[in-house]
Amino acid sequence: MNKLTKIIALIIVLLLLVINYRTPFYSYNGGSWSVGFGSSSKNLNELNVLENAKIYSHQKLEKENPDTRFLADPFFIKEKDTFYLFFEHQKKTDNAEIALLISSDGINYTYKGTVLDEPFHLSYPNVFKHKNEFYMLPETKSAKNILLYKALNFPYNWQIVDTLVKNVRLKDPSIYLSDSLNFFVASDDSLNLFMYQSNSLFEDWKLHKEPIVALGTEARPGGRIIENDEGKIVVPIQNSTHGYGYGVSLYELDFDKNNKYSFKTMKPFFLKRNDTIDEFSFGMHHIDLQKIENNWYYVFDGNKKINNKKKLNIRGPLKWNFLDFKNWLLN
């Protein structure tokens, strides 16, 4: 073996070690997703949502509905004295649908069944109140459109009222609406995060002039877009650098007067796999944070590790790290 061959071999070995450190070639097997929730008076930068968190597990829901495989992607609305928690309900025998838990204290939740079912897969029930009406922007990738629903009798009777974007297959649309800025972000199967903008909720939604916000292992929305304690726009993003569904990072999104934006990490791994909580021992990939009476209230999900056995995945880490490197070059 000549000197050049040895150098090339060493570079390849070092590169594989770096890739394995970022996104391991061996990973655990994930099981069923469960939902957690809690509240805190701490600043968002100091918040630990797993501290004193309560859990509504897939086992508990299975007792209410034996057809349950898991519950995930929780979003909530507090209206008057009631918490309404919407979630993806994956069944054993059918497509996922949107179901509901309600609570009068934000602690004890009661299952209320299905509120939205379609012939196609539904998830990510992003519910929000806009001009005194209740809307939902779920993931409807299988319908090849981004569909907006409205509750005719909240929290029930959801009907399609608009198609924000036609002929696209995008995941987890996350929307932000204000008097001066309206946008949503969503990702495709190639790990590109796209941004669309509009003058209002019901006007034409068009791609931003710089349409791709990010690509790679941190390019899929992971919950409601919010404003933090300092008024900055915060976007939860799934962090899959250690594998799909491992954690969530918080990103800060800033726009200048020319509508250019910057997208940078504010809090990496705000959520991540936790070995001390069985339901979240495989990973976590979603959170909905909202300010309720000066306290943060939050709902999130996590996945249970099936066992301590690991599986080999070579193609995934190679692809994800290539895209992350490409994203680094572009930014």
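Residues numbered from 1 in each chain as written. Predicted model: local features only at pLDDT ≥ 70, side-chain atom pairs only at ≥ 80, totals over all residues. Heavy atoms only, no water.

A. Representation of the pairing of strand E12 (residues 182–187) in the model. With six of its six residues buried, E12 lies for the most part within the structure. Of the two faces of E12, the one holding Asn182, Phe184 and Ala186 and the one holding Phe183, Val185 and Ser187 are both buried throughout. When strand E11 (residues 171–177) meets E12, the two strands line up antiparallel, connected through five bridges. From the neighbouring strand, Ile175 faces E12, where its bridge partner is Phe184. Between E11 and E12, which follow one another and run antiparallel, lie four residues. Here E12 runs beside strand E13 (residues 192–197); their pairing, made up of five bridges, is antiparallel. Residue pairing for E13: Phe184 is matched across the bridge by Tyr196. Where E12 hands over to E13, the hairpin turn is made up of four residues, of which Leu191 adopts a positive phi near 65°. (Buried < 20%, exposed > 50% of the residue type's maximum accessible area, 1.4 Å probe, protein only. Helix = DSSP H or I, 4+ residues; strand = E, 2+ residues; numbered from the N terminus. Pairing = 2+ DSSP bridges.)

B. Up close: helix H3 (residues 315–330). Relative to the 22 Å expected for 16 residues at 1.5 Å per residue, H3 spans 23 Å between its end C-alpha atoms, a close match to the ideal helical length. Buried within H3 we find Gly316, Pro317, Trp320, Asn321, Leu323, Asp324 and Asn327. Along the long axis of H3, the arc covered by the buried residues comes to 160°, so they all point the same way. Opposite the buried face of H3, at more than 90 degrees from it, the exposed residues are Arg315, Phe322, Leu329 and Leu330. (Expected span 1.5 Å × (residues − 1). Arc of directions from axis to C-beta.)

C. Spotlight on the environment of Ser198. With respect to the element layout, Ser198 can be found in the loop between E13 and strand E14 (206–215). A residue is classified by how much of its surface remains accessible, and Ser198, at 10% relative accessible area, is buried. Residues Ser198 and His208, ten residues apart in the sequence, show an inter-C-alpha distance of 9.2 Å. Each residue touching Ser198, except ones within four places of it in the same chain, is listed here: Asn182, Glu203, Asp204 and Trp205. Within the structure, the side chain of Ser198 is placed 2.7 Å from the backbone oxygen of Ser200, a separation counted as a polar contact. (Contact = heavy atoms within 4.5 Å. Polar contact = N/O pair within 3.5 Å; in protein donor to acceptor, adjacent residues only side chain to side chain.)

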